[in-house]
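Each chain, written out:
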Amino acid sequence: MIHFEEMKLDENSPIYLQIIDFIKGGLAAGTIVYGDELPSRRMLSALLGINPNTVQKAYAMLEAEALIRSHTGAKSCISAAPQKIAEIKDALAEEGGGRRAVQTLKAAGYSKAEAIAMIERYWDAEDRRESET
């Protein structure tokens with residue numbers, strides 16, 4: 001079962017989009033995988049303190065994107081294909097500034113090898129920082 005306890009609601013974005021983003025982020029990170037069950041609409045609405053129709057809207061949109069599969073009277077499950085997850089990862093990298101970072105490094109005169117070396121240094125530093133916390 002996917003756990004939404006870590007999900008922090010933000011007043012600046014519609015809640016149904018936040019639910020969708022939570023699922024997509026978990027798929028990209030590998031913390032949510034094919035076959036994982038989602039809580040029922042009523043259970044998730046109670047957990048988040050929101051209207052069940054908001055959860056229904058999020059689930060309907062996730063189903064329309066072929067990320068989940070729902071059956072009447074049964075649990076909804078993750079059904080995202082690997083290609084779909086790759087598309088989500090690409091979109092998240094794009095939204096997070098991946099393309100801008102490349103453009104900035106190219107404009108600053110970095111070669112591809114220098115840029116990759118820089119990213120590896122930052123990546124390793126972030127890993128060390130995370131392991132210290």
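First things first, this report covers the structure right here in the doc. Everything quoted here is computed from the prediction, not taken from an experiment. (Residues numbered from 1 in each chain as written. Predicted model: local features only at pLDDT ≥ 70, side-chain atom pairs only at ≥ 80, totals over all residues. Heavy atoms only, no water.)

Some remarks on the nonpolar core
Threshold: We call a set of buried Ala, Val, Leu, Ile, Met, Phe, Trp, Tyr and Cys residues a nonpolar core when their side-chain atoms join them within 4.5 Å. Three exposure classes are used, based on accessible area relative to the maximum for each residue type with a 1.4 Å probe and protein chains only: buried under 20%, partly exposed in between, and exposed over 50%. Under the DSSP-based scheme used, a helix requires at least four consecutive residues in state H or I and a strand at least two consecutive residues in state E, with every element numbered from the N terminus. Whether two residues are in contact is decided by their heavy atoms: any pair within 4.5 Å suffices.
Counting 24 residues, the largest nonpolar core has Ile19, Ile23, Leu27 and Ile78 as its most contacted members. Looking at which element gives the most residues to this core, the answer is helix α1 (residues 15-29), with six residues. In this view, Ile19 contacts Phe4, Met7, Leu44, Leu48, Ile50, Val55 and Ala58; residues no more than four positions away in its chain are not counted.

Structural notes on the packing of aromatic side chains
Let me state the cut-off plainly: The criterion for an aromatic pair is that two Phe, Tyr or Trp rings (for Trp, the six-membered ring) have centres within 6.5 Å, with stacked assigned to planes under 30 degrees apart, edge-to-face to planes over 60 apart and tilted to the rest. By the criterion adopted, a ring carries a charge over it if an Arg CZ or a Lys NZ lies within 6 Å of its centre and within 35 degrees of its normal.
Inspection of every chain in the model, using the stated rule, returns one aromatic pair. Above the plane of the ring of Tyr16 lies Lys57, whose end atom (NZ or CZ) is 4.1 Å from the centre.

A closer look at the side chain of Ser76
What counts, and what does not: Pairs of N or O atoms within 3.5 Å make up the polar contacts considered here, provided that, within protein, one atom can donate a hydrogen while the other can accept it, and that residues adjacent in sequence are counted only when both atoms are side-chain atoms.
Along the chain, Ser76 turns up in the loop between β1 (68-69) and β2 (77-78). Engagement of the side chain of Ser76 in a polar contact is seen with the side chain of Arg41, the distance being 3.3 Å. Not counting the four nearest positions on each side in its chain, Ser76 is found in contact with Asp36, Glu37, Leu38, Arg41, Tyr59, Ile68, Arg69 and Ser70.

Concerning the pattern of salt bridges
Threshold: A pair is scored as a salt bridge if a Lys or Arg side-chain nitrogen falls within 4 Å of a carboxyl oxygen belonging to Asp or Glu.
All told, the structure shown has four salt bridges when counted by the stated rule. With a shortest N-O distance of 3.0 Å, Lys24 and Glu65 are connected by a salt bridge. Of this pair, Lys24 sits in helix α1 while Glu65 sits in the loop between α3 (52-64) and β1, placing them 41 residues apart in sequence. For Glu65, a relative accessible area of 26% corresponds to the partly exposed category.

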